[in-house]
Amino acid sequence: MKKINFYENARKILSNPTVVEAVQKATMHALEKRRQTIARIPDFEELRDKARTAKEEILRDFDGYLEKFKENARKNGFVIHEAGDAREAREIILQIFKERNVKLAVSSKSMTQEEIEINPFLEAHGIKKYETDLGEFIIQIAHQKPSHITAPAIHLTRREIARLFNEKLGMEYTEEPEELTKFARNYLRKKYFEADAGMSGANFLIADTGSFVVVENEGNARMSTTLPPLHVAVTGIEKLIPSIKDLPVFLKILAPSSTGQHQTVYTNIFSQASKDHEVHIVLIENGRRRMLNDPVLREALMCIRCGGCSNVCPIFQLVGGHAYGSVYSGPIGIIWTYAIFGPDVAKELPFASTLCGACYEICPVRINIPRILLELRRRVIERTGGKLEEKALVGLWSQLMTKPVLNKLGFHLASKIQGIFKKDDKLTHLPFVFSNWTKWKDIEPFPGKSFRELWKERKNS
Amino acid sequence: MRVLLFPTCLVDHIKPKIGFDTVKLLEHFGVEVEVPEKPSCCGQIAFNVGYWKDAKEMARAWLDVYDVPGFDYIVAPSGSCVHMIRENYEILFKDEPKTLERVHRIKSKLYEIVEFLTKVLKVKEIPSTFSGKVTYHASCHYLRGLGVKREPKEFLKNLKNADFIPMDLEETCCGFGGLFSIKFPDLSYNMTKRKAESIKNTHADFVTSSDLSCLMNIGGVLSRLGLKIKPVHIVEILAEGLEDEKD
Amino acid sequence: MERTEKFIEELKRNDVEVYLTSRSSLNEDLNEFFKKQGIKRVFVRPRGLVNQLSPDIEFTEKFDEDVDAGLSEADFGIAYSGGLVELAESPSDKLPSLLPDIHIALLKESNILDDFDVLFENIPHPLPDITFIVGPSKTADIEKILVKGAHGPRRVIVFIVR
């Protein structure tokens, strides 16, 4: 994967007001719904603590719980596959499909499937896979990537979707969401019945029962996992929770944090397989063990993929998920992208935050995202040395602040020469890197004397 | 009670009035204030963009200036700088037990000004007046970092003649983020513009906050957009109507 | 009963239509409902209460395009979420609540539980597949505008049997 140019992507998106408006509307909508829903859950803060504790317990003995899950899942009749990386995962899935002569598959929304880029791979091997979540379906026919981990098509307007359905699927042009949804429903209904295999992700892997859980609203996951004779669930190993007794806590925090719903419409808990209905679980490692062994990154493994941090992030609200250039977007997505795709690909991403802390505040399992971003920034600067002008700026400031003589000289000089950059008593066109500031913002001129100097004068007068 | 004032690098070099107004507030409540001769910066600007070596240099110099005997408290007119020292110095010096000792010692004495007035001096109300419509921007590190939410707004509401009008995006980041604003100027500007619109919708004459950095950023955009709303630090508002102790 | 009231309140919040009935009048009420709604063919999960009905209309265990509604007895109700709980021994058990446009669920009042916890503490092992159903299928993937009947039922109706 090539280096992700976050800023370049972001600027492109900023020049498209339709996207900015659509993303803002969608994220603010989810936040407002969350606020209303949480007001109905008096013990929400305790639930967050409990969820955090359960995830901490998983991290305490990760291998123990993973083994326990696999053992119990096998007892349920599930076939367990383990993939070290994305390539292995793709091969495993292809193998399962080939052995059963699968030509057509339907799938519910799964970010892990996006992560391993399974669709183009299957397509290249002659297997057609339909995304059945409406948002994912739209993205698929538009040949785009999801722009939000739980609401993949929020960057598109109904007009764009209408045009897409009209051009690609031959639907009579309409912008009515009701009609568009109905069309997708009928279109996909046939596919469920024809499909040789159904695929899903998993929101939770339950160690003590070997069950896995898929939450959804549309019923497409139910269809995909029920109608075809084969169900392949693709999931990261971090989705573990210790016990089915912990599940209520997670069900109570997930939907409110995500879409702002009290509960999702459907919660599917799978614990059974049979000869007529095989269930395979593909457990994906792909960098997660590296995270587990990293004292700072490991906390991010607790993420339950609610997307709340994206909704609340003032940067995400402006540019949406595509700016992040990765399947995992938003604040937590920065960390995941760095961990999975590596520091060279993601070296710009950790800086794509003002460290405002809104993500930490909203995270249902209290992941200290800004703290992790700070550490990633340190690592990037250590690896790359940093950009020259930025390094110079920081170095200069450090000198000015630690050397009193330089300090006096420097600011004295600055106040003397600033006149040439002044307009209407404001600095409006500064040189060097400072032009990045004055491109958009005015700045007050430096006073001739510092507070300390003035204080000294006042004391001595 | 003796307080050593940490004016912060920005107030020191960009808006000394905030330093004097902080002193005025403290003196009004009977506190004796001293100001160090040496300049200093908490190091946040370097720390937040990954230059921890430079951050350490500045932080160490800061400790040299402020970890001195003879003062009961250290007070600063900035939520963000206090947050840096209180929360991040331990990360920065985690492998230096001796320095950590200094950090712990100083942490318990360090307060942001409104925090100091309410938590240490137990001030309930500032006996002062201020004429004008004011809206409040909660700086991120003050609100979510230090957890101060209610107190500054209570002070503003209780000022005589002041008309406090909350804005809808009160708790949303203004888009400054230190060097973020230089690294990603278009993004930063668009965030600030959103903030500016929220401020404009209140029809306030003034926008205030605990942090000069946010105010410089917000003010920079308000000015560029030709809006007449004045950014003022919260101590400027609180101290404005106080009788000057020296007079 | 307080629990039932809470359950009904949540059901309504979830856009579920609720009818209260009793063991003795269930059959009559259902037939009345079918008649009123013009429901002529119902895809059923033949278990529990469903097996005790004597319908005026056609019940079928096979789904096709001419089915007007699905009918099943929900195993439990969860007052916390207004959710119906269906336990499935096989995938086909899940279909009556999924495929038709209308899903009619019967639920014994005594099977209404306060919260999820109670369910997981009392459920027998090895576990069956479990589905929680909270209202009609829906989506808001187009401009966050809510549309009911995304892939599953557009309407969910519950008959609580006292």
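Residues numbered from 1 in each chain as written. Chains lettered and ligands numbered in written order. Predicted model: local features only at pLDDT ≥ 70, side-chain atom pairs only at ≥ 80, totals over all residues. Heavy atoms only, no water.

### Structural notes on the arrangement of the chains
Phase 1: If you rank the two pairs of chains in contact by how many contacts each has, first place goes to chains A and B.
Phase 2: With no contact formed, the shortest span from any C-alpha in chain B to any C-alpha in chain C equals 21 Å. (Contact = heavy atoms within 4.5 Å.)

### Regarding the interface of chain A and chain C
Many descriptions give the size of an interface as the accessible area lost when the pieces come together.
Phase 1: Facing 57 residues of chain A, the contacting portion of chain C comprises 47 residues.
Phase 2: Contact between chain A and chain C buries roughly 4500 Å² in total, counting both sides, with carbon and sulfur atoms accounting for 59%.
Phase 3: Seen at the junction of chain A and chain C, the total is five salt bridges.
Phase 4: Asp101 of chain C is the salt-bridge partner of Arg185 of chain A, the closest N and O atoms lying 2.6 Å from each other. (Buried area = accessible area lost by both parts, 1.4 Å probe. Salt bridge = Lys/Arg side-chain N within 4 Å of Asp/Glu carboxyl O.)

### Some words on the packing of aromatic side chains
Phase 1: Under the counting rule described, the total for this entry stands at 40 aromatic pairs over all chains.
Phase 2: Measuring from centroid to centroid gives 6.0 Å for Trp397 of chain A and Phe411 of chain A, while their planes differ by 80°, and the two rings are edge-to-face. One end of the pair, Trp397 of chain A, is in helix 19 (residues 388-402); the other, Phe411 of chain A, is in helix 20 (residues 404-417), and 14 residues separate them in sequence.
Phase 3: These aromatic residues form a ring-pair network of at least three members: Phe6, Tyr7, Phe316 and Tyr324 of chain A together with Phe180 and Phe184 of chain B.
Phase 4: The lysine or arginine in question, Lys441 of chain A, covers the ring of Trp437 of chain A, its NZ or CZ lying 4.8 Å from the ring centre. (Phe/Tyr/Trp six-rings, centres within 6.5 Å; stacked < 30°, edge-to-face > 60°. Helix = DSSP H or I, 4+ residues; strand = E, 2+ residues; numbered from the N terminus. Lys NZ or Arg CZ within 6 Å of the ring centre and 35° of its normal.)

### Topic: helix 11 (residues 185-200) of chain B
Phase 1: The terminal C-alpha atoms of helix 11 of chain B, which comprises 16 residues, lie 22 Å apart, in line with the 22 Å expected from a rise of 1.5 Å per residue.
Phase 2: Buried residues dominate helix 11 of chain B, accounting for 13 of its 16 residues. (Expected span 1.5 Å × (residues − 1). Buried < 20%, exposed > 50% of the residue type's maximum accessible area, 1.4 Å probe, protein only.)

### A few points about the domain arrangement of chain B
All names here are of chain B.
Phase 1: The domains assigned to chain B are domain 1 (2-120) and domain 2 (129-240).
Phase 2: The C-alpha centroid of domain 2 is placed 22 Å from the C-alpha centroid of domain 1.
Phase 3: The interface of domain 1 with domain 2 comprises 28 residues on the first partner and 23 residues on the second.
Phase 4: Taken together, both faces of the contact between domain 1 and domain 2 bury some 2200 Å²; the carbon and sulfur share is 71%.
Phase 5: Here domain 1 is connected to domain 2 by two salt bridges.
Phase 6: For Lys17, the salt bridge identified is with Glu236, shortest N-O distance 3.1 Å.
Phase 7: The tally of links between domain 1 and domain 2 comes to 10 residue pairs in polar contact (both at pLDDT 80 or more).
Phase 8: If you list the elements that add at least two residues to the side of domain 1 that touches domain 2, you get helix 1 (9-14), helix 2 (16-28), helix 3 (44-47), helix 5 (79-92) and helix 7 (113-120).
Phase 9: Looking at the side of domain 1 that touches domain 2 residue by residue, the classes come out as 13 nonpolar, eight polar and seven charged. (Domains from an automatic or database assignment. Polar contact = N/O pair within 3.5 Å; in protein donor to acceptor, adjacent residues only side chain to side chain. Nonpolar A, V, L, I, M, F, W, Y, C, P; charged D, E, K, R; others polar.)

### What about the packing of helix 8 (residues 134-141) of chain A against helix 9 (residues 158-169) of chain A?
All names here are of chain A.
Phase 1: Packing of helix 8 against helix 9 leaves a shortest axis separation of 10 Å and a crossing angle of 60°. When the axes of helix 8 and helix 9 are compared, the pair comes out oblique. For the pair helix 8 and helix 9, the sense of crossing is left-handed. Only Ile161, Leu164, Phe165, Lys168 and Leu169 of helix 9 make contact with helix 8, whose side of the interface consists of Leu134, Phe137, Ile138 and Ile141.
Phase 2: Of the residues assigned to the contact of helix 8 with helix 9, the class counts are eight nonpolar, no polar and one charged. (Axes fitted to C-alpha atoms, helices over the stretch in contact; angles between N-to-C directions. Parallel < 35°, antiparallel > 145°, perpendicular 65-115°, else oblique. Left-handed = near helix turned anticlockwise from the far one by under 90°.)

### So, the interface of chain A and chain B
Phase 1: Listed as interface residues are 67 residues of chain A and, on the opposing side, 66 residues of chain B.
Phase 2: Between chain A and chain B the total buried area reaches about 6000 Å² when both faces are included, carbon and sulfur atoms providing 66% of it.
Phase 3: Broken down residue by residue, the surface that chain A buries against chain B is led by Trp440, Phe451 and Arg452 of chain A, which jointly contribute 13%.
Phase 4: Our enumeration of links across chain A and chain B arrives at eight salt bridges.
Phase 5: Its salt-bridge partner being Asp186 of chain B, residue Lys439 of chain A comes within 3.3 Å of it at the nearest N-O pair.
Phase 6: Counting every contact that joins chain A to chain B gives 26 residue pairs in polar contact (both at pLDDT 80 or more).
Phase 7: Among the elements that make up the side of chain A that touches chain B, the one with the highest residue count is helix 19 of chain A (11 residues).

### Some points on the side chain of Asp141 of chain C
Phase 1: Position of Asp141 of chain C relative to the elements: it lies in the loop between strand 10 (138-139) and strand 11 (147-148).
Phase 2: It is Lys144 of chain C that comes nearest to the buried, bridge-free Asp141 of chain C among opposite-charge side chains, at 6.8 Å.
Phase 3: Within polar-contact distance, the side chain of Asp141 of chain C engages the backbone nitrogen of Gly135 of chain A at 2.6 Å.
Phase 4: Setting aside chain neighbours within four positions, we find Asp141 of chain C in contact with Asp133, Leu134, Gly135, Ala153 and Glu218 of chain A. (Lys, Arg positive; Asp, Glu negative; His and termini not counted.)

### Observations concerning the environment of Leu26 of chain B
All names here are of chain B.
Phase 1: As for its placement among the helices and strands, Leu26 is situated in helix 2.
Phase 2: Judged by relative accessible area, which is 0%, Leu26 ranks as buried.
Phase 3: Once the C-alpha coordinates of Leu26 and Phe116 are considered, the two residues, 90 residues apart in sequence, prove to be 9.4 Å apart.
Phase 4: With near-sequence residues (within four places) excluded, Leu26 lies in contact with Val3, Leu5, Val31, Val33, Val75, Ile113 and Phe116.

### Re the pattern of salt bridges
Phase 1: In total, this model carries 70 salt bridges over all chains according to the counting rule given.
Phase 2: Asp186 of chain B is the salt-bridge partner of Arg11 of chain A, the closest N and O atoms lying 3.4 Å from each other. Within this pair, whereas Arg11 of chain A is found in helix 1 (residues 6-14), its partner Asp186 of chain B is found in helix 11, the two belonging to separate chains.
Phase 3: Using a relative accessible area of 10% as the deciding quantity, one classes Asp186 of chain B as buried.

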